[in-house]
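Secondary and tertiary structure notes
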Amino acid sequence: MDTFDPTLADRFSFGLWTVGNTGRDPFGEAVRAPLSPTYTVRKLAECGAWGVNLHDNDLVPFGAPASERDRIVREFKSALAEHGLCVPMATTNLFSHPIFKDGAFSANDPKVRAFALRKSMDAIDLGVELGARTYVFWGGREGTEADACRDPRTAVARTRDALDFLCEYVRERRYDLRFALEAKPNEPRGDIYFPTTGHMLHFISTLAHPEMVGVNPEVAHETMAGLSFTHGVAQAMEAGKLFHIDLNAQRIGRYDQDFRFGSEDVRQAFLLVRLLEGTMGTEPYRGPLHFDAHAYRSEDEAGVWDFARGCMRTYKILKARAQAFDADPLVREIIADVKDAAVDPLLAGYTREKASSLRALAIDPSAVAKRGLRYEQLDQRMMEHLLGVR
Ligand code: GCO
Ligand code: MN
Ligand code: MN
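Computed from a predicted model, the values in this text were never measured in an experiment.

So, how was this worked out
- Residues numbered from 1 in each chain as written.
- Chains lettered and ligands numbered in written order.
- Predicted model: local features only at pLDDT ≥ 70, side-chain atom pairs only at ≥ 80, totals over all residues.
- Heavy atoms only, no water.
- Donors = N, O, S within 2.8 Å, 3.2 Å for Na, K, Ca; no water.
- Axes fitted to C-alpha atoms, helices over the stretch in contact; angles between N-to-C directions.
- Helix = DSSP H or I, 4+ residues; strand = E, 2+ residues; numbered from the N terminus.
- Parallel < 35°, antiparallel > 145°, perpendicular 65-115°, else oblique.
- Left-handed = near helix turned anticlockwise from the far one by under 90°.
- Contact = heavy atoms within 4.5 Å.
- Nonpolar A, V, L, I, M, F, W, Y, C, P; charged D, E, K, R; others polar.
- Buried < 20%, exposed > 50% of the residue type's maximum accessible area, 1.4 Å probe, protein only.
- Lys, Arg positive; Asp, Glu negative; His and termini not counted.
- Salt bridge = Lys/Arg side-chain N within 4 Å of Asp/Glu carboxyl O.
- Tetrahedral: all angles 85-135°; square planar, octahedral: opposite > 155°, others 65-115°.
- Core = buried A, V, L, I, M, F, W, Y, C linked by side-chain atoms within 4.5 Å.
- Domains from an automatic or database assignment.

Before going further, it helps to spend a moment on the coordination of the manganese ion (ligand 2). For the manganese ion (ligand 2), the full set of protein donor atoms is Glu218 (OE) and His221 (NE2), at a range of 2.1 to 2.3 Å. Separating the manganese ion (ligand 2) from the manganese ion (ligand 3) is a gap of 3.8 Å, bridged by Glu218, which donates to each.

Here it is as structure tokens:
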């Protein structure tokens, strides 16, 4: 045991589908045997995880009769109790079955949309029964290749109808549950609606119960779009909408890689952990830290647990690096706010007086522009903390 080993206080979680990934891809068959949910619970607990998340069908096979469902849930609950794991998040599989080939909530056939709503209500009941407080919606199949099949505005409106419907369902049942929407630009569809966290944030403001709905950004998804994941997460935090997060690693311009957290773009991973942990003195994120990733296809089962431990270890190492970076006197000096008692109060909260005081301020643009900002020093210092020489 060292300081980078996970504890329950770290709130690390994995989906059943993450460590359970069998390595199947469009070009090759499974390389690992499936893991049973109860076995996964035991192994995750041994690795030091705090929670396990699931899609309805990761636990209860599609179409299983009620008696089988109840038996599976009973056994799963006793494994959770025995090994001290919780289920912080649950979600619906609205992408695997062929019925969802044209989408789920946005599909053109009303029967598909009805089936998606019904499946979601059942899966919400299951998640709540297992203690989940966050319910994720990832619209994996909600998109197009033949874009002429519908007006994209119709897809937006249908998704709104579905989420408003399900919010009312949760309210009527008095469930203590919030929704978290997960964006992805493409894969498995050519284009997926609501491709980024920013799109989701605006969409939420158009819902009937926006207070119940936040986002579940994923490193890989925003990176696939070539965007700064850290900036997307920061905007969600600033809006009070970071309800959940999917951590993994990804390179721009690739397929959805879902690599071990921190294994690509260590700088971005560092900046993300720094933001989530609030090491610069800001409000931290206090929700679950979920790894939505899987082991390389080269691995056997032992490699899967190496992968899981690696995700958690890297997160904690980056947290320690971020703490050291933000405690570094040079860093504090460079990023310290430039306070100006005369100017600061004029910059927010318009009044006619402030506007005329602003106009009267003596500002010499060339003198201000001349000042070097020392960001080269700052960034190099960050690299040195990251590379372990500070
Ligand atoms: C993906 C997604 C999924 C979702 C999961 C939960 O790219 O496959 O990230 O793993 O996160 O379905 O909604
Ligand atoms: Mn993903
Ligand atoms: Mn995800």
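The rest of the description comes next.
Below, the discussion takes up the packing of helix α2 (residues 37-47) against helix α11 (residues 301-327). Between α2 and α11, the shortest axis-to-axis distance is 10 Å and the interhelical angle comes to 50 degrees. As judged from the angle between their axes, α2 and α11 are oblique. The hand of the α2/α11 crossing is right-handed. Side by side, α2 and α11 meet where Tyr39, Lys43, Leu44 and Cys47 of the first sit next to Glu301, Trp305, Arg309 and Met312 of the second. Classifying every residue of the contact of α2 with α11 gives five nonpolar, no polar and three charged.

With respect to the helices and strands, Asp164 occurs in helix α6 (residues 152-172). We note that Asp164 is buried and unpaired, the nearest opposite charge coming from Arg160 at a distance of 5.4 Å. For Asp164, the residues in contact, after removing those within four places along its chain, are Leu207, Ala208 and His209.

Our focus in this paragraph is the coordination of the manganese ion (ligand 3). The protein atoms that coordinate the manganese ion (ligand 3) are Glu182 (OE), Glu218 (OE), Asp246 (OD) and Asp292 (OD), at distances spanning 2.0 to 2.2 Å. The site at the manganese ion (ligand 3) holds six donor atoms, and with the angles between them running 81 to 176 degrees, its shape is octahedral.

A word on the side chain of Asn93. Tracing the backbone shows Asn93 in the loop between β3 (89-91) and α5 (110-129). Sequence-distant contacts of Asn93, that is, excluding residues within four places in its chain, are made with His55, Asp56, Asn57, Phe100 and Lys119.

In this section: unusual backbone geometry. The amide bond that connects Glu187 to the next residue, Pro188, takes the cis arrangement and shows omega of 15 degrees. Mapped onto the elements of the fold, Pro188 is located in the loop between β6 (178-182) and β7 (191-192). A positive phi angle, close to 55 degrees, is found at Phe194, a residue other than glycine. Judged by relative accessible area, which is 11%, Phe194 ranks as buried. The residue Asp265 is not glycine, and still its phi comes out positive at about 45 degrees. Within the secondary structure, Asp265 is located in the loop between β9 (246-247) and α10 (266-277).

A few words now on the nonpolar core. Grouped together as the largest cluster of nonpolar side chains are 94 residues, with contacts concentrated most on Phe14, Phe76, Phe179, Leu247, Phe261 and Leu276. With 10 residues, α11 is the largest single contributor of residues to this core. The residues that make up this core include at least three from each of domain 1 (8-323) and domain 2 (329-386). With residues near it in sequence (within four places) discarded, Phe76 still touches Leu16, Pro37, Thr38, Val41, Val52, Leu54, Leu59, Val87 and Leu130.

Fair warning: the whole summary comes from geometry, so function is off the table for now.
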